[in-house]
Amino acid sequence: MSIFAVLNQKGGVGKTTTAVTIASALARQDYSTLLIDLDSQGNVADSLGMEAGDDLRRLLSPDLRLPLAQVIVPSGRPNLDVIRADKTTAVLKQILAGVDLREYVLADALARANYDAIVFDCAPSVDLFHVAALVAADYIVIPTRLDKLAVNGVRDALQTLASLRRISRCQLAGIVPTFYERTTAESHLQLTHLAQTFGQRVLPPIPQDTHCREAARVGKTLWEYDPATRALTGYENGNGKHLGGYSQVVERIKELL
């Protein structure tokens, strides 16, 4: 089993889209997958067309601590289960703040999980679940917009990871450039800067694609909404091959399973 934390300390970088797309892709390829929402906005449920739920609170709250099997919710898709979050997650963080060894709360809850892959969709802030996710995860995936402030968020996330080395085994799986516009000079400049700074850790870019918003609005994954969309397939390079897109990111993730 491999655990992936999809995380950036900046908002609006496509974290939920990345987490849902990776998790649903693995499930479609017959990997048993658990997608866990760690953000009180509860966007994972919305993106999958599911009702909101307090599964995370029931799993981790000290007064409940239900077994993992009792809080997992089927997504309605083969091989893909979900643990949802909602506004009670904010209260849960306050409760857990007074608990000893709170950094291990996710690792302990998932110790007996039986999945090929677990994917965390993390909130865009350094909080208790941010740290707990990095302690529980094997790998971090960092989506980033191609602008200066979001790229700074990549550095911040890596610095947080480095500060947890004594209690975390988590490694960088890759940096995912999102909202890439091939015809925009700023996108190309920031992608070049990102590659020069982080080298081969930068994965193929995800093209700007309005289907990402549309799919989430109707509660479908990108694979269900339009499997030929640019965000999945990337750009044609003129030689009949495609560059970028979530399909290539998923291939990288599969190498780590």
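Structure: see above.
Worth saying up front: this structure is predicted, and the values here are computed from it rather than measured. (Residues numbered from 1 in each chain as written. Predicted model: local features only at pLDDT ≥ 70, side-chain atom pairs only at ≥ 80, totals over all residues. Heavy atoms only, no water.)

## Regarding the layout of surface pockets
Then comes step 1: If you add up the space inside the largest pocket, you get close to 550 Å³.
Then comes step 2: Gly14, Lys15, Thr16, Thr17 and Cys212 are the residues nearest the centre of the largest pocket, which is lined by 30 residues in total.
Then comes step 3: Secondary-structure elements contributing two or more residues to the lining of the largest pocket are helix 1 (15-28), helix 2 (43-47) and helix 10 (211-217).
Then comes step 4: By residue number, the principal contributor to the lining of the largest pocket is helix 1, which donates five residues.
Then comes step 5: Residue classes in the lining of the largest pocket are distributed as 11 nonpolar, 13 polar and six charged.
Then comes step 6: As for the second largest pocket, its lining consists of 19 residues, and the residues nearest its centre are Leu59, Arg65, Val105, Asp108 and Ala109.
Then comes step 7: Elements with a contribution of two residues or more to the lining of the second largest pocket: helix 3 (55-60), helix 4 (68-71) and helix 6 (105-109).
Then comes step 8: For the lining of the second largest pocket, the per-class residue count stands at 14 nonpolar, no polar and five charged. (1 Å grid on protein atoms, 1.4 Å probe; cavity = no way out; pocket = protein on both sides within 12 Å on 5 of 7 lines; lining within 4 Å. Points joined across faces, edges and corners; volume = space filled by probe spheres on them. Helix = DSSP H or I, 4+ residues; strand = E, 2+ residues; numbered from the N terminus. Nonpolar A, V, L, I, M, F, W, Y, C, P; charged D, E, K, R; others polar.)

## With respect to the pairing of strand 1 (residues 2-6)
Then comes step 1: Taken across its five residues, strand 1 has five buried, putting it largely inside the fold.
Then comes step 2: The side-chain alternation of strand 1 yields two buried faces, one formed by Ser2, Phe4 and Val6 and the other by Ile3 and Ala5.
Then comes step 3: Of the strand pairs in this sheet, strand 1 and strand 5 (residues 117-121) are connected by five bridges, and their pairing is parallel. Bridge pairing in strand 5 places Val6 opposite Asp121.
Then comes step 4: Direction of pairing for strand 1 relative to strand 6 (residues 139-145): parallel, over a ladder of three bridges. Directly across from Ala5, in strand 6, lies its bridge partner Ile140. (Buried < 20%, exposed > 50% of the residue type's maximum accessible area, 1.4 Å probe, protein only. Pairing = 2+ DSSP bridges.)

## Side note on the pairing of strand 4 (residues 80-83)
Then comes step 1: Residues Leu80 and Val82 line one face of strand 4 and the alternating positions Asp81 and Ile83 line the opposite face, and both faces are buried.
Then comes step 2: Two strands pair when backbone bridges link them, and strand 3 (residues 73-77) and strand 4 are joined in this way by three bridges, in the antiparallel orientation. In the sheet register, Val73 faces strand 4, and the bridge partner there is Val82.
Then comes step 3: Counted along the chain from strand 3 to the antiparallel partner strand 4, the turn is two residues long, and its residue Asn79 has a positive phi close to 70 degrees.

## Topic: the environment of Ala5
Then comes step 1: In this fold, Ala5 is placed in strand 1.
Then comes step 2: A residue is classified by how much of its surface remains accessible, and Ala5, at 0% relative accessible area, is buried.
Then comes step 3: Expressed as a C-alpha distance, the spacing of Ala5 and Ile118, which sit 113 residues apart in the sequence, is 8.5 Å.
Then comes step 4: Excluding anything up to four places from it in sequence, Ala5 contacts Phe120, Cys122, Ala133, Ala137, Tyr139, Ile140 and Val141. (Contact = heavy atoms within 4.5 Å.)

## Side note on the sheet that holds strand 2 (residues 33-37)
Then comes step 1: Taken together, seven strands build an open sheet; the order of strands is 3-4-2-5-1-6-7 and the sheet is mixed. Every interior strand has two partners, whereas the edge strands, strand 3 and strand 7 (171-178), have only one. Sheet twist, expressed as the average angle between the axes of neighbouring strands with direction ignored, equals 25 degrees.
Then comes step 2: With five bridges joining them, strand 2 and strand 5 adopt parallel strand pairing. Its bridge partner being in strand 5, Leu35 is matched across the sheet by Val119.
Then comes step 3: The sheet strands contacting helix 1 are strand 1, strand 2, strand 4, strand 5, strand 6 and strand 7, and the helix crosses strand 5 at an angle near 165 degrees. (Axes fitted to C-alpha atoms, helices over the stretch in contact; angles between N-to-C directions.)

## Points about the packing of aromatic side chains
Aromatic rings in a pair are described by how distant their centres are and how their planes are angled relative to each other.
Then comes step 1: Counting across every chain of the model gives two aromatic pairs.
Then comes step 2: With a centroid separation of 5.5 Å and an interplanar angle of 20 degrees, the aromatic rings of Phe4 and Tyr139 are classed as stacked. One end of the pair, Phe4, is in strand 1; the other, Tyr139, is in strand 6, and 135 residues separate them in sequence. Accessibility assignment for this pair places Phe4 and Tyr139 in one class, buried.
Then comes step 3: For the pair Tyr180 and Tyr235, a centre-to-centre distance of 6.1 Å together with 80 degrees between the ring planes defines the contact as edge-to-face. (Phe/Tyr/Trp six-rings, centres within 6.5 Å; stacked < 30°, edge-to-face > 60°.)

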